[in-house]
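Listed below, chain by chain, are the residues.
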Amino acid sequence: QLQLQESGPGLVKPSETLSLTCTVSGGSISSSSYYWGWIRQPPGKGLEWIGSLYYTGSTYYNPSLKSRVTISLDTSKKQFSLKLRSVTAADTAVYYCASPPRGIVIVPAAMRFDYWGQGTLVTVSS
Amino acid sequence: QSVLTQPPSVSAAPGQKVTISCSGSSSNIGNNYVSWYQQLPGTAPKLLIYDNNKRPSGIPDRFSGSKSGTSATLDITGLQTGDEADYYCGTWDNSLSAGGVFGGGTKLTVL
């Protein structure tokens with residue numbers, strides 16, 4: 001059973017970079033036909049897809065965040081990460097990492113996320 | 001404002017059936033798979049339906065999904081108080097602003 005755990009600062013100052021890490025356990029972080037995703041949820045609001053990283057190395061980002069976001073993979077640490085630059089108060093949200101199951105042929109357009117971290121609240125404030 | 005439109009809220013009594021709609025366009029629902037998520041208060045979303053109408057292991061058959069044209073629906077039968085939650089549809093959008101999209105969410109109240 002795959003388990004995901006987000007970690008990172010809970011408070012980030014405006015204009016700085018938000019950096020989060022998702023640690024994967026219970027399975028391999030590198031596999032063919034697989035992707036990792038980040039989703040966020042502002043307080044009291046709905047889900048927003050941030051982006052997905054495909055096993056090929058291709059990244060897919062929300063157009064509204066594309067100029068500020070980077071998702072990357074560190075297989076040696078079994079982690080994938082999110083960096084969001086030049087944050088403002090509008091970036092305050094619970095951030096989730098998520099992934100589909102193993103052993104199936106799947107592409108990021110499936111938007112299938114079976115496994116989720118518990119979420120971490122990041123507040124942008126001075 | 002999401003590109004996928006869901007009713008803000010629906011309600012029904014225990015044991016009844018409820019339908020949650022998700023309306024999109026040919027650039028998203030019309031040409032991609034739809035997934036549905038349940039989010040109980042204070043918890044991470046949980047996948048209920050993927051590929052329009054498939055249930056992951058462990059999801060009861062009270063939950064079913066369908067898609068027709070540019071709209072999708074989630075049906076929940078035999079409502080239980082534990083089903084009270086927020087429900088989100090999700091899919092991919094192939095437009096110039098390509099990427100994943102979620103509906104605005106629907107709050108289900110079990111009366």
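Residues numbered from 1 in each chain as written. Chains lettered and ligands numbered in written order. Predicted model: local features only at pLDDT ≥ 70, side-chain atom pairs only at ≥ 80, totals over all residues. Heavy atoms only, no water.

S.K.: Even after reading the chapter, I still don't get the state of the cysteines, so can you show me in this structure?
M.R.: When the sulfur atoms of two cysteines share a covalent bond, that bond is a disulfide. Tallying each qualifying case throughout the model produces 2 disulfides over all chains. The partner cysteine of A:Cys22 in its disulfide is A:Cys97, sulfur to sulfur 2.1 Å. Of note, the bridge from A:Cys22 to A:Cys97 carries an S-S torsion of about 60 degrees and is right-handed in sense. Taken as a pair, A:Cys22 in strand E3 (residues 18-25) and A:Cys97 in strand E9 (residues 93-99) lie far apart in primary sequence, 75 residues in all. Taking the relative accessible area as the measure of exposure, A:Cys22 reaches 0% and is therefore buried. Relative accessible area serves as the criterion here: at 0%, A:Cys97 is assigned to the buried category. The partner cysteine of B:Cys22 in its disulfide is B:Cys89, sulfur to sulfur 2.0 Å. Across the S-S bond of B:Cys22 and B:Cys89 the torsion is about 75 degrees, and the bridge reads as right-handed. (Disulfide = S-S within 2.5 Å. Helix = DSSP H or I, 4+ residues; strand = E, 2+ residues; numbered from the N terminus. Buried < 20%, exposed > 50% of the residue type's maximum accessible area, 1.4 Å probe, protein only.)

S.K.: So what exactly am I meant to see when it comes to the pattern of salt bridges here?
M.R.: Any two side chains of opposite charge can pair, so long as their charged atoms come close to each other. Residues and elements named next belong to chain A. Inspection of the entire model under this criterion finds 5 salt bridges over all chains. The closest approach of N and O atoms between Asp91 and Arg40, which form a salt bridge, is 2.8 Å. Within this pair, whereas Asp91 is found in the loop between strand E8 (79-84) and E9, its partner Arg40 is found in strand E4 (residues 35-41), the two being separated by 51 residues in sequence. Among the residues examined, Arg40 registers a relative accessible area of 6% and is labelled buried. With its nearest N and O atoms 3.0 Å apart, the salt bridge here joins Arg68 to Asp91. With a gap of 23 residues between them, Arg68 in the loop between strand E6 (59-61) and strand E7 (69-74) and Asp91 in the loop between E8 and E9 connect regions that are remote in the sequence. There is no split in this pair, since Arg68 and Asp91 are both buried. Taken together, the salt bridges that share partners define one network made up of Arg40, Glu48, Arg68 and Asp91. (Salt bridge = Lys/Arg side-chain N within 4 Å of Asp/Glu carboxyl O.)

S.K.: Before we go on, may I ask you to explain the pairing of E7(A) in this structure?
M.R.: All names here are of chain A. Across 6 bridges, the pairing between E7 and E8 is antiparallel. Within the sheet, the bridge partner assigned to Leu73 lies in E8 and is Phe80. As consecutive antiparallel partners, E7 and E8 are separated by 4 residues, and within that stretch Lys78 has a phi angle of approximately 55 degrees, a positive value. (Pairing = 2+ DSSP bridges.)

S.K.: Any chance you could explain unusual backbone geometry here in plain terms?
M.R.: Trans peptide bonds make up most of the peptide bonds, and negative phi angles are found at most residues other than glycine. Residue and element names in this part refer to chain A. Phi is positive for Ser15, which is not a glycine, with a value near 80 degrees. The exposed category is assigned to Ser15, whose relative accessible area is 59%. The backbone phi angle of Lys78 is positive, close to 55 degrees, even though this residue is not glycine.

S.K.: When you look at the packing of aromatic side chains in this model, what are you seeing that I'm missing?
M.R.: The description of two aromatic rings rests on the distance between their centres and on the angle between their planes. Evaluated as defined, the whole model comprises 11 aromatic pairs over all chains. For the ring pair A:Phe113 and A:Trp116, a centre distance of 6.0 Å and an interplane angle of 70 degrees mean the geometry is edge-to-face. Side by side, A:Phe113 and A:Trp116 carry an identical accessibility label, which is buried. Chaining the aromatic ring pairs together yields one cluster made of A:Tyr35, A:Tyr96, A:Phe113, A:Trp116, B:Tyr37 and B:Phe102. (Phe/Tyr/Trp six-rings, centres within 6.5 Å; stacked < 30°, edge-to-face > 60°.)

S.K.: Help me understand the interface of chain B and chain A in this model?
M.R.: As a measure of interface size, the accessible area lost when the parts come together is often cited. The partner chain A presents 19 residues to the 20 residues of chain B that form the contact. Linking chain B with chain A are 0 salt bridges, by the criterion used here. One can count 6 residue pairs in polar contact (both at pLDDT 80 or more) joining chain B with chain A. At 4 residues, the largest contribution of residues to the side of chain B that touches chain A is made by strand E8 (residues 99-102) of chain B. A per-class count over the side of chain B that touches chain A returns 11 nonpolar, 9 polar and no charged. (Contact = heavy atoms within 4.5 Å. Polar contact = N/O pair within 3.5 Å; in protein donor to acceptor, adjacent residues only side chain to side chain. Nonpolar A, V, L, I, M, F, W, Y, C, P; charged D, E, K, R; others polar.)

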